[in-house]
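Read off the chains here:
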Amino acid sequence: MSVLLQGTLLILTGTLGYSQADIPCEDPSVCPNGTKCFYRPCSPREEDFVCECSDMIPGIGLVGYDCNSFGPNHNGRYRPSYYETCYGSHCREGSFQSSGYPNQYRNRETAIYLLFVPGARNITFTFEGEGGFEIEAYKDDLYVGTGLDINPQDLKFKDINTKGKEVRYFDNGSVAVDERYPPPFSFKTDAAWMYFETDINIQLRGWRLSWTAEVNVLKHCPDSMVIETCNNEEKVSWTEPSVIDPSVNVTSSNLPGDIFSIGSHTVVFETEERFQNVEQCIFKIEVKKKPTCTNSSRPMYVFLITTTPALVMILLLGISLCLFLRYKRSTKANRDEEVTPPAIPPRSPIDPRRNYENAMHRSHFYDQAP
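Residues numbered from 1 in each chain as written. Predicted model: local features only at pLDDT ≥ 70, side-chain atom pairs only at ≥ 80, totals over all residues. Heavy atoms only, no water.

Quick look at the pairing of strand 11 (residues 141-146) now. Among the six residues of strand 11, six are classified as buried, and the element is accordingly described as predominantly covered. With burial as the criterion, each face of strand 11 is covered, one bearing D141, Y143 and G145 and the other bearing L142, V144 and T146. Bridge count between strand 11 and strand 15 (residues 191-197): six bridges; the pairing is antiparallel. Its bridge partner being in strand 15, Y143 is matched across the sheet by Y195. Alignment of strand 11 against strand 13 (residues 165-170), held across four bridges, turns out to be antiparallel. Its bridge partner being in strand 13, G145 is matched across the sheet by V167. (Buried < 20%, exposed > 50% of the residue type's maximum accessible area, 1.4 Å probe, protein only. Helix = DSSP H or I, 4+ residues; strand = E, 2+ residues; numbered from the N terminus. Pairing = 2+ DSSP bridges.)

Turning to the state of the cysteines, a few remarks are in order. The final tally for this structure, using the stated rule, is five disulfides. Bridging C221 to C281, the disulfide has an S-S length of 2.0 Å. Handedness of the C221-C281 disulfide follows from its S-S torsion of about 85°: it is right-handed. Taken as a pair, C221 in the loop between strand 17 (218-219) and strand 18 (225-229) and C281 in strand 24 (residues 278-289) lie far apart in primary sequence, 60 residues in all. With respect to class, C221 is no different from C281; both count as buried. (Disulfide = S-S within 2.5 Å.)

Now for the nonpolar core. Nonpolar side chains in soluble globular proteins tend to be buried together. Counting residues in hydrophobic clusters, the biggest one holds 29 residues, and the most contacted among them are L115, F125 and W207. Contributing elements (two or more residues each) for this core: strand 9 (110-116), strand 10 (120-127), strand 11, strand 14 (185-187), strand 15 and strand 16 (208-215). Ignoring anything within four residues of it in the chain, the contact list for F125 reads L115, P184, F185, F187, A192, M194, L209, S210 and W211. With 26 residues, the next largest nonpolar core counts C37, F49, L148 and A191 among its residues. (Core = buried A, V, L, I, M, F, W, Y, C linked by side-chain atoms within 4.5 Å. Contact = heavy atoms within 4.5 Å.)

Okay, the packing of aromatic side chains next. Counting across every chain of the model gives 21 aromatic pairs. Arranged with centres 5.8 Å apart and planes meeting at 65°, the rings of F125 and F187 form a pair that is edge-to-face. With F125 in strand 10 and F187 in strand 14, this residue pair connects regions lying 62 residues apart in the sequence. Owing to a relative accessible area of 0%, F125 belongs among the buried residues under this scheme. Given the relative accessible area of 0%, F187 is considered buried. With a centroid separation of 6.2 Å and 85° between ring planes, the pair formed by F157 and Y169 is classed as edge-to-face. Here F157 is found in the loop between strand 11 and strand 12 (160-162), whereas its partner Y169 is found in strand 13, with twelve residues between them in sequence. The class for F157 is exposed, based on a relative accessible area of 55%. Take Y169: its relative accessible area is 12%, and that puts it in the buried class. Three or more aromatic residues link up through ring pairs in this structure, and these residues are Y82, F96, Y105, Y113, F196, W207 and W211. Above the face of the F185 ring, R168 is positioned so that its terminal group lies 5.0 Å from the ring centre. (Phe/Tyr/Trp six-rings, centres within 6.5 Å; stacked < 30°, edge-to-face > 60°. Lys NZ or Arg CZ within 6 Å of the ring centre and 35° of its normal.)

For the rest of this paragraph, the subject is the pattern of salt bridges. Opposite charge on two side chains permits pairing when their charged atoms draw close. Under the defined criterion, the tally for this structure stands at five salt bridges. For R106, the salt bridge goes to E109, with nearest N and O atoms at 2.6 Å. A relative accessible area of 1% places E109 in the buried class. The partner of D154 in a salt bridge is K165, and the shortest N-O contact between them spans 3.5 Å. Residue D154 is located in the loop between strand 11 and strand 12, and its partner K165 is located in strand 13; the two are separated by eleven residues in the primary sequence. Neither residue differs from the other here; D154 and K165 are each classed as buried. (Salt bridge = Lys/Arg side-chain N within 4 Å of Asp/Glu carboxyl O.)

This brings us to the confidence of the model for the chain. Per-chain confidence: the chain averages 79 in pLDDT, with 73% of residues scoring 70 or above. Predicted confidence is poor over residues 1-6, with pLDDT under 50, and the contacts of this stretch with residues over four places away or in other chains come to 15 contacts. Below a pLDDT of 50 lies the segment residues 8-20, which in the model reaches 57 contacts outside its immediate sequence neighbourhood of four places, other chains included. (pLDDT = per-residue confidence, 0-100.)

Within a sheet, each strand pairs with its neighbour through backbone hydrogen bonds, oriented either parallel or antiparallel. An order of 8-16-10-14 is seen for the four strands of this open sheet, with the pairing classed as antiparallel. The outermost strands of the open sheet, each flanked by one partner alone, are strand 8 (93-97) and strand 14. Adjacent strand axes in the sheet meet at a mean angle of 25° when their direction is disregarded. Where strand 10 meets strand 16, seven bridges bridge the pair, whose relative direction is antiparallel. The residue bridging T124 from the neighbouring strand is T212, located in strand 16. (Axes fitted to C-alpha atoms, helices over the stretch in contact; angles between N-to-C directions.)

Listed below in structure tokens is the structure:
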């Protein structure tokens, strides 16, 4: 088997719904103080679980995948005054906003927002709201980053795009002339954080940031493959894609172990949830003849199928010959067993002279007796 190209995952989005299962962690004890623990199926780098952080210690703002980290400025002048989170499948779409929006936000405010969508592969953010977008330039700051850990090194009054980390920075300088909002942006992640900080004076309307998450339900789509065979068809097997959410309906054009004829074939796995969100895994199977083939390479069932007529003729001839020889032996044995009476030689006619000689012989014998 040789690989041509990788299988393809397609997301066909209908009316957005929330069927992605909230799968609990295998070991809930990894989360502190009994906070809810989620299985994180699409984690290429970090831990495979997420703890639902909450403001357990008011004014501290715990962050991180295990909620064991402090947010920025936890020892600073502005302690977190606002804390909001959204964890779970119901967070596939939603919004966060500054306090009081579309009215003015507060001075000396530090707000932390955390978002986790199980199974998400991409989250698209869009600024919206009747209040527009207003953040005092060079004084008040909004950061949006990937993951759930917020480090002071991420707050540099600029965008950051390094391996494993992406942060966007916003204030009034982020809005183009004649526009009301900064442009939409996306992160390839299942988790994101927002950090908003204001200074001691000048209050503006603030912001509202909505999001929509694209969720993977199928994982491990098989690679396309080429199968060489000496036959006109071949049995092909593969490992089926795994389904993260067991509640969705799964259909497949073919199953592992199906027989494929010579030519190119497209295999499609498709999931559909009750809100008509559709995801597809598509890969190709090409079956072609081997350049050289020998009879020994053919499976036994193929050999039997191709040689059956000749075998039947040979068998019939053999049976006919056996019946004929048996008949011949039986006929010969019957002839040998027939009883033939012994031949009786013919009696010779009486010879007078012979009788006379016999009589004379007897007379002479008696005369010589004492």
